[in-house]
Amino acid sequence: MYIHLHSTDSTNSHLRRIIAEGQHLPDMTIVSAYEQTAGRGQKGNSWETEPGMNVIFSLLCHPATIPPTHQFILSQCIAIAISQTLSVRTDGITIKWPNDIYWNDSKISGILIECDLKGKTISNCIIGCGININQTLFRSDAPNPVSLKNITGQDHDTEAILHEVAERYATLYNEATKGNDTYITALYMQNLYRKDGLHPYEDCNGTFFARISSIEPTGHLILETEQGEKRRYEFKEVKFVLP
C-alpha cells in the first residue's frame, strides 16, 4: 500500500502517528513525500532534501519471524535494494556499513530504521530512506553528499526509482522472513564499501589501518588491524576516515 503526502515533517514520524492512533497497516506500507520539513537521520542528524527533487519514503513491515537479535538483516535488505536500484543507473555504488549508500567516497543515500518489540518478536519495523536523485546543490554541513544527477548529469524519474526499490526490498524481505540470511549477507558483503584492502579508521584510541574481516548477524563490524588484531564495533564506535 502506498500513501503519498505533499508535505510532512518526517515520513517516519507520520507512520509513528498512524500506529499510535491504533490503526493497523499491512506489511509493505510505504509513505512517501514530495516535501519533508524535518527529515531525520541516524543519531538525531537531519536529512537535507529539496521539495520534489529526491526519493523520500518510509516503509513499514511486521517481521514477526525475525528474532530481534537479527534485526540487522532488515537493514541489509533495504541497503541492498537501494544499491541495486542505483547500480542500474551508474557505476561505483557501494554500501558503507551499516547502511549508508555511497558513490565512490560520497554519500548518496541514508537509512534510519526503528523497530518496536512485542515480547520476543518485532511487531513493527519502520525503515526511513532518503535517496539523493535530482538535487544538485547541498547547503547543509554534511561532508560528502552527492546525487544521481550530480553523477550522471541527467534528471531521473523519482517515482520509478521508489517503486523499484520497494520491489527489490520485497523480494529480499521475503527471503529474510524465510530465514535465508546467508544469501542476503553474501549480497551485502559483495557490495560493501571498502570490502577489500587496508583502509584508515578512527576509534576512541585514535587512527589505525584495518581491513573488514566480517559483519556479525547482530550488525557488529569486525575489523582486523595491520598487526592481525580483531576489533569489534557497534555503530558509532568507529569512524571511516574518508579521503
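On a predicted model such as this, the values are computed, not experimentally measured, just so you know. (Residues numbered from 1 in each chain as written. Predicted model: local features only at pLDDT ≥ 70, side-chain atom pairs only at ≥ 80, totals over all residues. Heavy atoms only, no water.)

Chemist: Help me out: how do you make sense of the packing of helix α2 (residues 72–87) against helix α5 (residues 181–190) in this one?
Modeler: To describe two helices that pack against each other, one gives the angle between their axes and the distance between the axes. One way to put it is that α2 packs onto α5 with a least axis distance of 9 Å and a crossing angle of 50°. As the angle between them shows, α2 and α5 are arranged oblique. The handedness of the crossing between α2 and α5 comes out as left-handed. Between α2, through F72, I73, Q76, C77, A79, I80 and Q84, and α5, the contact on the second element is made entirely by D181, I184, T185, L187 and Y188. Residue composition of the contact of α2 with α5, by class: 8 nonpolar, 3 polar and 1 charged. (Axes fitted to C-alpha atoms, helices over the stretch in contact; angles between N-to-C directions. Helix = DSSP H or I, 4+ residues; strand = E, 2+ residues; numbered from the N terminus. Parallel < 35°, antiparallel > 145°, perpendicular 65-115°, else oblique. Left-handed = near helix turned anticlockwise from the far one by under 90°. Contact = heavy atoms within 4.5 Å. Nonpolar A, V, L, I, M, F, W, Y, C, P; charged D, E, K, R; others polar.)

Chemist: How should the nonpolar core be read in this particular structure?
Modeler: Burial of nonpolar side chains together is a common tendency in soluble globular proteins. Residues F57, I78, I82, L86, Y169, Y188 and L223 are the most contacted members of the largest nonpolar core, which totals 56 residues. By residue number, the principal contributor to this core is α2, which donates 10 residues. The contacts of F57, once residues within four sequence positions are left out, are T11, I30, V31, S32, I78, I127, G128, C129, I131, L162 and V165. Counting 7 residues, the second largest nonpolar core, distinct from the first, contains I18, V31, L60 and I126. (Core = buried A, V, L, I, M, F, W, Y, C linked by side-chain atoms within 4.5 Å. Buried < 20%, exposed > 50% of the residue type's maximum accessible area, 1.4 Å probe, protein only.)

Chemist: Got a minute to help me understand the packing of aromatic side chains in this structure?
Modeler: What characterises a pair of aromatic rings is the spacing of the ring centres plus the angle enclosed by the ring planes. Considering all chains together, one arrives at 8 aromatic pairs under this definition. Look at Y102 and Y193: their rings are 5.1 Å apart centre to centre, the planes differ by 50°, and that puts the pair in the tilted class. With Y102 in strand β5 (residues 100–103) and Y193 in the loop between α5 and β8 (199–203), this pair connects stretches of sequence that are 91 residues apart. Residue Y102 shares its accessibility class with Y193, and that shared class is buried. Between Y169 and Y173 the ring centres are 5.6 Å apart and the planes differ by 15°, which places this aromatic pair in the stacked class. In this pair, Y169 and Y173 are both assigned in helix α4 (residues 158–177), 4 residues apart and thus about one turn of the helix distant. For Y173, a relative accessible area of 6% corresponds to the buried category. One aromatic cluster in this structure is built from Y102, Y193, Y201, F208, Y233 and F240. The ring of F240 carries K96 above its face, with NZ or CZ at 4.6 Å from the centroid. The ring of Y201 carries the charged tip of R194 above its face, separated from the ring centre by 5.5 Å. (Phe/Tyr/Trp six-rings, centres within 6.5 Å; stacked < 30°, edge-to-face > 60°. Lys NZ or Arg CZ within 6 Å of the ring centre and 35° of its normal.)

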